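Chain by chain, the residues:
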Amino acid sequence: EEEEEEETLWDTWGDLIITLGIILAVAAVVFVILNRYLAVQAGKRFRHESNLRNAKRDLLNDEQRKAAAEELYDTMRKIVKQFGMKPVKGETPESFARRLDMRFPVTETGASIVLSIIEKNEFGEGITNEEIAEFAEYLTRLEDKIRGEAGFFKMFTLKYVLGLM
């Protein structure tokens, strides 16, 4: 009888130790994944802020301005696409900007100024550091507005699935 009780006690402690080991292993894996994700997100946010800071100080050359505008526009498109806001085939940039401004009123100038910057960048007219700074500022405000409006599942998708915000 005593031996059975002692074996049961060892079985219980053994199960407990195995369970705790599994929990710690899972926690370690989650920690590593979350740590990596946060590092990537911090890098993306830093690039937006870095583009904004460098543009305000006139530190970007032509190639850097072009790359910064493309990156900012790509990020903006991916974010608004999650809310059903993507350019419709045959839609002019101005009408897309109006739709975007109606859905996400962010600044006085709105999305039209951003899309005019993209058009200038796309057709080789050249863009200024001030325009990049304005674009980065617009995107930052757009992200803040979306954070305020998006529900849990939408933010989860944007942050953890798509890695956008």
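Here the structure is a predicted model, which means the values were calculated and not measured.

Peer 1: Mind laying out the overall build of the protein, listing which residues take part and the relevant values?
Peer 2: What the protein contains, in helices and strands, is six helices and zero strands. Reading the protein from its N terminus to its C terminus gives the helix and strand order α-α-α-α-α-α. Residues classed as buried in the protein amount to 31% of the 165 residues present. Excluding contacts between residues fewer than 6 apart, the proportion of contacts in the protein whose partners are at least 24 apart in sequence is 66%.

Peer 1: Break down helix α5 (residues 129–149) for me, citing the residues and quoting the values.
Peer 2: Taking 1.5 Å of rise per residue, the 21 residues of α5 would be expected to cover 30 Å, and the 30 Å separating its terminal C-alpha atoms lies within 8% of that figure. Looking only at α5, the buried set comprises Asn129, Glu131, Ile132, Ala133, Phe135, Ala136, Tyr138, Leu139, Thr140, Leu142, Glu143 and Ile146.

Peer 1: A description of the pattern of salt bridges should follow, citing residues and the corresponding values.
Peer 2: Scanning all chains against the criterion turns up seven salt bridges. Glu91 is the partner of Arg99 in a salt bridge, and the nearest nitrogen-oxygen pair spans 2.8 Å. Under the relative-accessibility criterion, Arg99 is labelled partly exposed at 25%. Note that Glu137 and Arg141 form a salt bridge whose closest N and O atoms lie 3.3 Å from each other. Of this pair, Glu137 and Arg141 are both found in helix α5, four residues apart, which corresponds to roughly one turn of the helix. The exposure class assigned to Arg141 is partly exposed, which follows from its relative accessible area of 39%. A single salt-bridge network, built from bridges that share partners, covers Asp74, Arg77 and Lys78.

Peer 1: Give a detailed account of the layout of surface pockets, specifying residues and quantitative values.
Peer 2: Looking at the largest pocket, its volume works out to about 150 Å³. Every residue lining the largest pocket is listed: Tyr73, Pro87, Glu91, Thr92, Pro93, Phe96, Leu115, Ile118, Glu119, Glu122 and Phe123. Broken down by element, the residue count for the lining of the largest pocket peaks at four residues, all from helix α4 (residues 111–122). Among the residues making up the lining of the largest pocket, the classes are represented as seven nonpolar, one polar and three charged.

Peer 1: Residue-level account of the packing of helix α2 (residues 62–81) against α5, with values.
Peer 2: Interhelical geometry of α2 versus α5 gives an angle of 20 degrees and a closest axis separation of 10 Å. Classed by the angle they form, the pair α2 and α5 counts as roughly parallel. The handedness of the crossing between α2 and α5 is left-handed. Residue-level contacts link Arg65, Ala68, Ala69, Leu72, Tyr73, Thr75, Met76, Ile79 and Val80 of α2 to Asn129, Ile132, Phe135, Ala136, Tyr138, Leu139, Leu142, Glu143 and Ile146 of α5. Its residues placed into classes, the contact of α2 with α5 shows 14 nonpolar, two polar and two charged.

Quick notes on the rules
- Residues numbered from 1 in each chain as written.
- Predicted model: local features only at pLDDT ≥ 70, side-chain atom pairs only at ≥ 80, totals over all residues.
- Heavy atoms only, no water.
- Helix = DSSP H or I, 4+ residues; strand = E, 2+ residues; numbered from the N terminus.
- Buried < 20%, exposed > 50% of the residue type's maximum accessible area, 1.4 Å probe, protein only.
- Contact = heavy atoms within 4.5 Å.
- Expected span 1.5 Å × (residues − 1).
- Salt bridge = Lys/Arg side-chain N within 4 Å of Asp/Glu carboxyl O.
- 1 Å grid on protein atoms, 1.4 Å probe; cavity = no way out; pocket = protein on both sides within 12 Å on 5 of 7 lines; lining within 4 Å.
- Points joined across faces, edges and corners; volume = space filled by probe spheres on them.
- Nonpolar A, V, L, I, M, F, W, Y, C, P; charged D, E, K, R; others polar.
- Axes fitted to C-alpha atoms, helices over the stretch in contact; angles between N-to-C directions.
- Parallel < 35°, antiparallel > 145°, perpendicular 65-115°, else oblique.
- Left-handed = near helix turned anticlockwise from the far one by under 90°.

These values are about where atoms sit, not about what they do.
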